[in-house]
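Breakdown of the fold
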Amino acid sequence: MSNNNKKEAFLYLVMGGLTTLVNIVAFYFLDEYTTIELAVSATIANILAIIFAYFSNKLWVFERIEKDTKGTVKEIFLFLGFRGVSLGIDVGLTVLMVSVFGIMALIAKIIANVVVVIVNYAASKWLIFK
């Protein structure tokens, strides 16, 4: 693995960790301190994390600066499309683990986020910010 790839992987893990933190803290707050339903709380938390992830991945991890509007629009749509898939995975797994398996909501959210981080890295590395 080249030094550039090591740096990129390290930064992705750091930014992924911060993105996950944004997601989990937002979810915890919404789940514990509001009357919003579980799936809606998970969705709102995920949207906040997606916004954070786009800018952190674009600017710091993959250092991708699009010079034209068409390239930027394509990049944003690809990112949002794959993060939409991630949102489905996150919310689906969280609700499934809580509803079917009786896992505590916060633990389920953390487990779902591990899966999401792996999916997001692959999509970002090889499709979105290539």
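Keep in mind that this is a model prediction, so the values were computed, not measured. (Residues numbered from 1 in each chain as written. Predicted model: local features only at pLDDT ≥ 70, side-chain atom pairs only at ≥ 80, totals over all residues. Heavy atoms only, no water.)

Notes on helix H4 (residues 105-128)
If you check which residues of H4 are buried, you get Ala105, Ala108, Lys109, Ala112, Asn113, Val116, Asn120, Ala123, Ser124, Lys125 and Ile128. The secondary structure elements touched by the buried residues of H4 are helix H1 (3-33), helix H2 (38-61) and helix H3 (69-99). (Buried < 20%, exposed > 50% of the residue type's maximum accessible area, 1.4 Å probe, protein only. Helix = DSSP H or I, 4+ residues; strand = E, 2+ residues; numbered from the N terminus. Contact = heavy atoms within 4.5 Å.)

Focus: the packing of aromatic side chains
Overall, the coordinates contain 7 aromatic pairs when judged by the stated rule. Measuring from centroid to centroid gives 5.7 Å for Phe29 and Tyr33, while their planes differ by 35 degrees, and the two rings are tilted. Residue Phe29 and its partner Tyr33 are located together in helix H1, separated by 4 residues, close to a single helical turn. We classify Phe29 as partly exposed; its relative accessible area is 48%. Given a relative accessible area of 56%, Tyr33 falls into the exposed group. Members of the aromatic cluster, connected to one another through ring pairs, are Tyr12, Phe62, Tyr121 and Trp126. (Phe/Tyr/Trp six-rings, centres within 6.5 Å; stacked < 30°, edge-to-face > 60°.)

Quick look at the nonpolar core
Core analysis: the largest hydrophobic core is formed by 20 residues, its most contacted members being Phe27, Val61, Phe62, Phe79, Ile128 and Phe129. Of all the secondary-structure elements, those providing two or more residues to this core are H1, H2, H3 and H4. Here the element with the most residues in this core is H2; it accounts for 7 residues. The residues contacting Phe27, other than those within four sequence positions of it, are Leu38, Ser41, Ala42, Ala45, Ala105, Leu106 and Lys109. (Core = buried A, V, L, I, M, F, W, Y, C linked by side-chain atoms within 4.5 Å.)

Some remarks on the side chain of Asn23
On the secondary structure map, Asn23 appears in helix H1. One polar contact links Asn23 to Asn113, side chain to side chain, over a distance of 3.3 Å. If we ignore the near neighbours within four places in the chain, the residues touching Asn23 are Ala45, Asn46, Ala49, Asp90, Lys109 and Asn113. (Polar contact = N/O pair within 3.5 Å; in protein donor to acceptor, adjacent residues only side chain to side chain.)

What about the pattern of salt bridges?
If you walk through the whole model with that rule in mind, you get 2 salt bridges. Residues Lys58 and Glu75 are paired through a salt bridge, measuring 2.6 Å at the closest nitrogen-oxygen approach. Taken together, the residues span a long stretch of sequence, with Lys58 in helix H2 and Glu75 in helix H3 at a distance of 17 residues. Per residue, the accessibility class of Lys58 equals that of Glu75, and both read buried. For Lys109, the salt bridge identified is with Asp90, shortest N-O distance 2.7 Å. Placement of Lys109 in helix H4 and of Asp90 in helix H3 is noted, with a sequence separation of 19 residues between them. The pair Lys109 / Asp90 is uniform in exposure class, with both members buried. (Salt bridge = Lys/Arg side-chain N within 4 Å of Asp/Glu carboxyl O.)

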